[in-house]
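Chain by chain, the residues:
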Amino acid sequence: MSANTVEATIDQPIPVGQPIPHRKVIRSWLTPLTERAVVRAIVLQIIDSVILTAGIVGTVYFESVLVKLLLAVFSGFMIGRIFILGHDACHQSFTPHRGLNKVLGRLAFLPSLTPYSLWEVGHNVVHHGQTNLKGFDFVWAPLSLEEYNKLSPAEKALERHYRSGWGPALYYFLEIWWKKMFFPSKKAMPATRPAFLWDNVLVSAFAIIWVSALVIAAIQTNQSIVLTVIMGFLIPFIFWNAMIGFVVYVHHTHPSVSWYSDKSEWLRAQPFVSTTVHLVFPFKWGAWMHHIMEHTAHHVDMSVPLYKLKEAQAKLENMLPERIIIQKFSWAWYFDTAKQCKLYDTEKKCWLDFDGNKTADSIKVVLS
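Here is a short report on the structure shown in this document. Numbering of residues begins from 1 in every chain and follows the order in which that chain's sequence is written. Confidence filtering applies because this is a predicted model: local features only for residues at pLDDT of at least 70, side-chain atom pairs given and counted only at 80 or more, and all residues used for totals across whole chains, interfaces and linings. By convention in this description, side-chain values take in all heavy atoms of the structure and omit both hydrogens and water.

**Notes on the overall build of the chain**
Right, on to step 1. A run of H or I in DSSP counts as a helix once it spans at least four residues, and a run of E counts as a strand once it spans at least two, with each numbered from the N terminus. The number of helices and strands found in the chain is 17 helices and five strands.
Right, on to step 2. Taking 2.2 N^0.38 as the reference for a compact globule, 368 residues should give roughly 21 Å; the C-alpha atoms of the chain span a radius of gyration of 21 Å, in line with that estimate.
Right, on to step 3. Overall, the chain is about 75 × 55 × 45 Å in size when its C-alpha atoms are taken along their principal axes.
Right, on to step 4. Looking at the chain residue by residue over its 368 residues, the buried ones come to 52%.
Right, on to step 5. Of the contacts made within the chain by residues no fewer than 6 positions apart, 68% connect residues no fewer than 24 positions apart.
Right, on to step 6. By element, 66% of the accessible surface of the chain is carried by carbon and sulfur atoms, the whole surface being about 17300 Å². Here the globule rule is a power law, 2.2 Å times the number of residues to the power 0.38, and the radius of gyration is based on C-alpha atoms. Exposure categories follow from relative accessible area, calculated using a 1.4 Å probe and restricted to protein chains: below 20% of the type maximum is buried, above 50% is exposed, and the middle band is partly exposed. Should any heavy atoms of two residues lie within 4.5 Å, those residues are considered in contact. Using a 1.4 Å probe, the Shrake-Rupley method yields the accessible areas, and only the shown protein chains count as cover for residues.

**Remarks on helix H11 (residues 225-252)**
Counting along an α-helix, one turn takes 3.6 residues, and residues three or four places apart therefore face a common direction.
Right, on to step 1. By this rule, a helix spans an expected 1.5 Å times one less than how many residues it contains. Here H11 spans 40 Å end to end across 28 residues, near enough to the 40 Å set by a 1.5 Å rise per residue.
Right, on to step 2. Two axes define the bend at a residue: one fitted to the seven residues ending there, one fitted to the seven starting there, and the bend is the angle between them. Where H11 bends most, the angle comes to about 40 degrees, and this point is Met231.
Right, on to step 3. Of all the 28 residues making up H11, 20 are buried; the element is thus mostly covered by neighbouring parts of the structure.
Right, on to step 4. With a side-chain oxygen positioned 3.4 Å from the backbone nitrogen of Val226, the residue opening H11 is Ser224. N or O atoms closer than or at 3.5 Å make up a polar contact, with two conditions inside protein: a donor-capable atom paired with an acceptor-capable one, and, for residues adjacent in sequence, both atoms drawn from side chains.

**Concerning the pattern of salt bridges**
Right, on to step 1. We define a salt bridge as a contact between a side-chain nitrogen of Lys or Arg and a carboxyl oxygen of Asp or Glu at a distance within 4 Å. By the definition in use, this model includes eight salt bridges.
Right, on to step 2. Two residues, Arg163 and Glu159, come together in a salt bridge whose shortest N-O distance is 3.8 Å. Here Arg163 and Glu159 have matching classes, each one buried.

**Points about the packing of helix H4 (residues 65-90) against helix H6 (residues 116-129)**
Right, on to step 1. Close contact between H4 and H6 brings their axes to 10 Å; oriented N to C, the two are set at 75 degrees. Judged by the inter-axis angle, H4 sits roughly perpendicular to H6. Contacts between H4 and H6 involve Phe83, His87, Ala89 and Cys90 from the first element and Tyr116, Trp119, Glu120, His123 and Asn124 from the second.
Right, on to step 2. Residues that form the contact of H4 with H6 fall into these classes: five nonpolar, three polar and one charged. Every angle, taken between N-to-C directions, lies between 0 and 180 degrees, and every axis is a line fitted to C-alpha atoms, over only the stretch in contact when it is a helix. In what follows, roughly perpendicular refers to angles from 65 to 115 degrees, roughly parallel to angles under 35, roughly antiparallel to angles over 145, and oblique to any angle outside these ranges. Residue polarity is assigned by list, with Asp, Glu, Lys and Arg as charged and Ala, Val, Leu, Ile, Met, Phe, Trp, Tyr, Cys and Pro as nonpolar; anything else, Gly included, falls into the polar class.

**Concerning the packing of helix H3 (residues 38-61) against H11**
Right, on to step 1. Two elements in contact, H3 and H11, have axes whose closest approach is 8 Å; the angle formed by their N-to-C orientations is 150 degrees. As judged from the angle between their axes, H3 and H11 are roughly antiparallel. Here H3 runs over H11; the crossing is right-handed. Contacts between H3 and H11 involve Ile56, Thr59 and Val60 on the former and, on the latter, Thr228, Met231, Gly232 and Pro236. By convention, the crossing between two helices is left-handed when the near helix turns anticlockwise from the far helix through less than a right angle, and right-handed when the turn is clockwise.

**Here we look at the nonpolar core**
Right, on to step 1. Core analysis: the biggest nonpolar cluster contains 82 residues, and Ile26, Trp29, Phe246, Val250, Met289, Met293 and Leu316 have the highest contact counts within it.
Right, on to step 2. Filtering out sequence-adjacent residues up to four positions away, Val250 remains in contact with Val277, Leu279, Met293, Trp333 and Tyr334.
Right, on to step 3. Here, nonpolar core means buried Ala, Val, Leu, Ile, Met, Phe, Trp, Tyr and Cys residues that are tied together by side-chain atoms lying within 4.5 Å of each other. Counting residues in hydrophobic clusters, the runner-up holds six residues, among them Tyr148, Leu343, Cys350 and Leu352.

**Some thoughts on a nonpolar patch on the surface**
Right, on to step 1. Residues qualify for a patch when their relative accessible area is over 30% and they have no salt bridge, like charges being joined within 9 Å and the nonpolar side chains of Val, Leu, Ile, Met, Phe, Trp and Tyr within 5 Å. A contiguous nonpolar patch, built from Val39, Val43, Ile47, Ile51 and Phe74 and spanning about 410 Å² of accessible area, is present on the exposed surface.
Right, on to step 2. By residue number, the principal contributor to the nonpolar patch is H3, which donates four residues.
Right, on to step 3. Relative to the elements of secondary structure, Val43 occurs in helix H3.

**A word on the environment of Pro115**
Right, on to step 1. The residue Pro115 is located in the loop between helix H5 (98-109) and H6 in this model.
Right, on to step 2. On the basis of relative accessible area, Pro115 is assigned to the buried category, the value being 0%.
Right, on to step 3. Residues Pro115 and Met181 lie 66 residues apart in sequence; the distance between their C-alpha atoms is 6.4 Å.
Right, on to step 4. Beyond its immediate sequence surroundings of up to four residues, Pro115 is in contact with Met181, Asp199, Asn200 and Val203.

**Let's talk about the sheet that holds strand S4 (residues 350-352)**
Right, on to step 1. We treat two strands as partners when DSSP finds at least two bridges between them. The three strands are arranged S3-S4-S5 in an open sheet whose pairing can be described as antiparallel. Either end of the sheet is taken by a strand with one partner, and the two such strands are strand S3 (343-345) and strand S5 (358-361). Across the sheet, the mean angle separating the axes of adjacent strands is 30 degrees when strand polarity is ignored.
Right, on to step 2. The pairing of S3 with S4 spans three bridges and is antiparallel.

Here's what the structure looks like:
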């Protein structure tokens, strides 16, 4: 029997100390969980869309500024929930129909003003294709000490803010959405497709309609136009940026998580498993975020729909004991992580502070 045949029949947990098997083997464990349902997907999107619309309308309807603010923040959270549905659609894991996924995905991305085709390239191809590989994966990629020292004082200050724990909103808005999504420059996106332009036109038109509707509502109800737009558009959009910036940070930033500069080493480390964090929240908060925090399973097999990620994550953690990073969330942990994870040395596999002092050794993965 060949080595490939032996590997393909693995159906028992892999003992600690042994290399992680090939991704094809790992994905085979999740194959029964990749079935997608059209009705369930559409119902989820309709429910979240109605709730978001009600939240935005509420920022106009209620007179109390405090109530408006609470609804504005809630609406920002709902933008994030709907975006997660669009994220699934963009991965073609929302429904079994490619064309329907494209339609639902574009609709779900509208409230976050995310151009579908640009997200598809930056996220599906770049981030998922080269997770935590320096020079390719650009999402929260940590600088080396040498790279940091070459920055201007203003750039250093911005990097310090990004890595302070308080920076996710500005980081995502500026580094991801503004530079790489919203009418990106040729430097940020060398390749060009007609869909990139038209998806940007689509989200721009949606933003204009959204703000115009708020202005009209403010005039008709004799309210401040500025306050109405701030509560009904600006604060939800800011909260969304903070939410997505935070989510993508904690998915792949952890004192135990490694970054790589050598592609052969990266490949042998099975990065789809070893560079991803399963963040566990109290009070079933993960379910309120459509299980996007069961993130290892998502990176192993993007075709697993969000409503089956919890089961898929449990399967992986059973089959790969002590190999998956599982972290209980607390704000103390989050800010401690932000304190430790400033810069990264890909040769020594350790995190550094901004002065170059080692703060944490990341896990040395048993290479396959």
